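Analysis of the macromolecular model
As a plain string of letters, each chain reads:
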Amino acid sequence: MTSNFRIISAIVCLVATIGAAPMRAQAADGPVVLTVAGAVTHANRGPVDPFDDGFFTTGQIAFDKAAAFDIADLQAIGLKRLEVRYPDWPKGFVFEGPLLGDVLAKAGATGSAVRVQALDGYAVDIPMEDVRKYPIVLAIKRDGRFLGIGDRGPAWVVFPRDDYPELQTQDDSKWVWAVYYIHVE
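Residues numbered from 1 in each chain as written. Predicted model: local features only at pLDDT ≥ 70, side-chain atom pairs only at ≥ 80, totals over all residues. Heavy atoms only, no water.

**Digging into the overall build of the protein chain**
Keep this limit in mind: Strands here are runs of E lasting at least two residues and helices are runs of H or I lasting at least four, both read from the DSSP assignment and numbered beginning at the N terminus. Three labels apply to residues, based on accessible area from a 1.4 Å probe with only protein chains included: buried if under 20% of the type maximum, exposed if over 50%, partly exposed otherwise in between. Contacts: residue pairs with any heavy atoms within 4.5 Å of one another. Note that accessible areas follow from Shrake-Rupley with a 1.4 Å probe, and for residues the cover is restricted to the protein chains shown.
Each helix and strand counted, the protein chain has five helices and eleven strands in total. For the protein chain, the proportion of its 185 residues judged to be buried stands at 43%. If you take every contact in the protein chain between residues at least 6 apart in sequence, the share linking residues at least 24 apart comes to 63%. A total of about 10200 Å² of accessible surface is found on the protein chain, and carbon and sulfur atoms cover 56% of it.

Right under this line is the structure:
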């Protein structure tokens, strides 16, 4: 009986120690392609590490906690299809990805706006009101192919302009491509 008690006590201590360990910088199974920080309640990673998170550090991005997503995480949220033809494009495209609102819900976003940032430093604010009003897709695929770095990926904010007349006059400044970071304000 004493030996069983010691084994159980050791297991409980081990589990407590593992549970008390700091969050890993990369909680997703695969490479993280999107990080959502700021006013989020469902974080799965800890603060920016000056060495491991060199790209964040170089871009002067800091946070204490964040929700990190790999491609499988984004697919698990559910992919929506959106056909769009923008006036300056050579043709229409079919985009697939989770709704931006669903990604933010998964992260537990509680803010009034999001700042969407691209790999090249371009960033734009999108009011949370727009996220709730329109089915904005955070596209990870175009015409059935995953968006890669250099191919407007890893993610691209795509508005349903063909389905909402008021969006047809909107310029594409909020259609951020090469999205890797979203800050909830």
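**Here's the deal with the environment of Ala109**
Along the polypeptide, Ala109 turns up in the loop between helix H4 (100-107) and strand S5 (113-118). When its relative accessible area of 24% is taken as the criterion, Ala109 is described as partly exposed. Those residues in contact with Ala109 that sit more than four places away from it in its chain are Ala39, Val40, Leu104, Met128 and Val184.

**Regarding the pattern of salt bridges**
What counts is decided by this rule: Salt bridges are identified by distance alone: a Lys or Arg side-chain nitrogen within 4 Å of an Asp or Glu carboxyl oxygen.
Following the criterion strictly, the structure yields eight salt bridges and no others. Arg115 is paired through a salt bridge with Glu185; the nearest N and O atoms lie 3.9 Å apart. With Arg115 in strand S5 and Glu185 in the segment after strand S11 (179-184), this pair connects stretches of sequence that are 70 residues apart. By relative accessible area, which is 40% here, Glu185 ends up partly exposed.

**Describing the confidence of the model for the protein chain**
Rules: Residue-level confidence of the predictor, termed pLDDT, takes values from 0 up to 100.
On average, residues of the protein chain carry a pLDDT of 87, and 85% of them reach 70 or more. Note on residues 1-26: pLDDT is under 50 here. Beyond four places in sequence and across chains, it has ten contacts.

**Quick word on unusual backbone geometry**
Between Gly153 and the following residue, Pro154, the backbone shows a cis peptide bond with an omega angle of 20 degrees. Within the secondary structure layout, Pro154 lies in the loop between strand S9 (145-146) and strand S10 (156-158).

**Some details on the nonpolar core**
What counts is decided by this rule: Take the buried residues of types Ala, Val, Leu, Ile, Met, Phe, Trp, Tyr and Cys, join any two whose side-chain atoms come within 4.5 Å, and each joined set is a nonpolar core.
Within the largest apolar cluster, 44 residues are counted, with the highest numbers of intra-cluster contacts made by Leu34, Val36, Leu104, Val179 and Ile182. For this core, the element with the most residues is H4, which contributes four residues. If we ignore the near neighbours within four places in the chain, the residues touching Val179 are Val33, Leu34, Val116, Gln117, Ala118, Leu138, Pro154, Ala155 and Val157. One finds Ile61, Phe63, Tyr180 and Tyr181 within the second-largest nonpolar core, a separate group that totals eight residues.

**Let's talk about the sheet that holds strand S1 (residues 34-38)**
Selection rule: At least two bridges found by DSSP between two strands are what make those strands a pair. A fitted line through C-alpha atoms serves as each axis, taken over the contacting stretch for helices, and the angle formed by two N-to-C directions is quoted from 0 to 180°.
Across the sheet, which stays open at both edges, the five strands sit in the order S2-S1-S11-S5-S6 with mixed pairing between neighbours. If you trace the sheet from one side to the other, it starts and ends with strand S2 (66-69) and strand S6 (123-127), each paired once. When strand polarity is set aside, the average angle formed by the axes of neighbouring strands in this sheet is 20 degrees. When S1 meets S2, the two strands line up antiparallel, connected through four bridges. Following the sheet pairing, Thr35 is matched in S2 by Ala68.

**Structural notes on the sheet that holds S9**
If you walk across this open sheet you meet the four strands as S3-S4-S8-S9, and the pairing is antiparallel. For this open sheet the edge positions go to strand S3 (80-84) and S9, each flanked by a neighbour on one side alone.

**Topic: the packing of aromatic side chains**
Basically, it comes down to this: Working definition: rings of Phe, Tyr and Trp (its six-membered ring) pair if their centres are within 6.5 Å, and the pair is stacked with planes under 30 degrees apart, edge-to-face with planes over 60 apart, and tilted otherwise.
In total, this model carries 16 aromatic pairs according to the counting rule given. Ring plane angle 15 degrees and centroid distance 6.2 Å describe the contact between Phe63 and Tyr181, whose orientation is recorded as stacked. Residue Phe63 is located in the loop between helix H2 (54-58) and S2, and its partner Tyr181 is located in strand S11; the two are separated by 118 residues in the primary sequence. Overall, the relative accessible area of 4% leaves Tyr181 in the buried class. Members of the aromatic cluster, joined through ring pairs, are Tyr86, Trp89, Phe93, Phe95, Trp156, Phe159 and Trp175.

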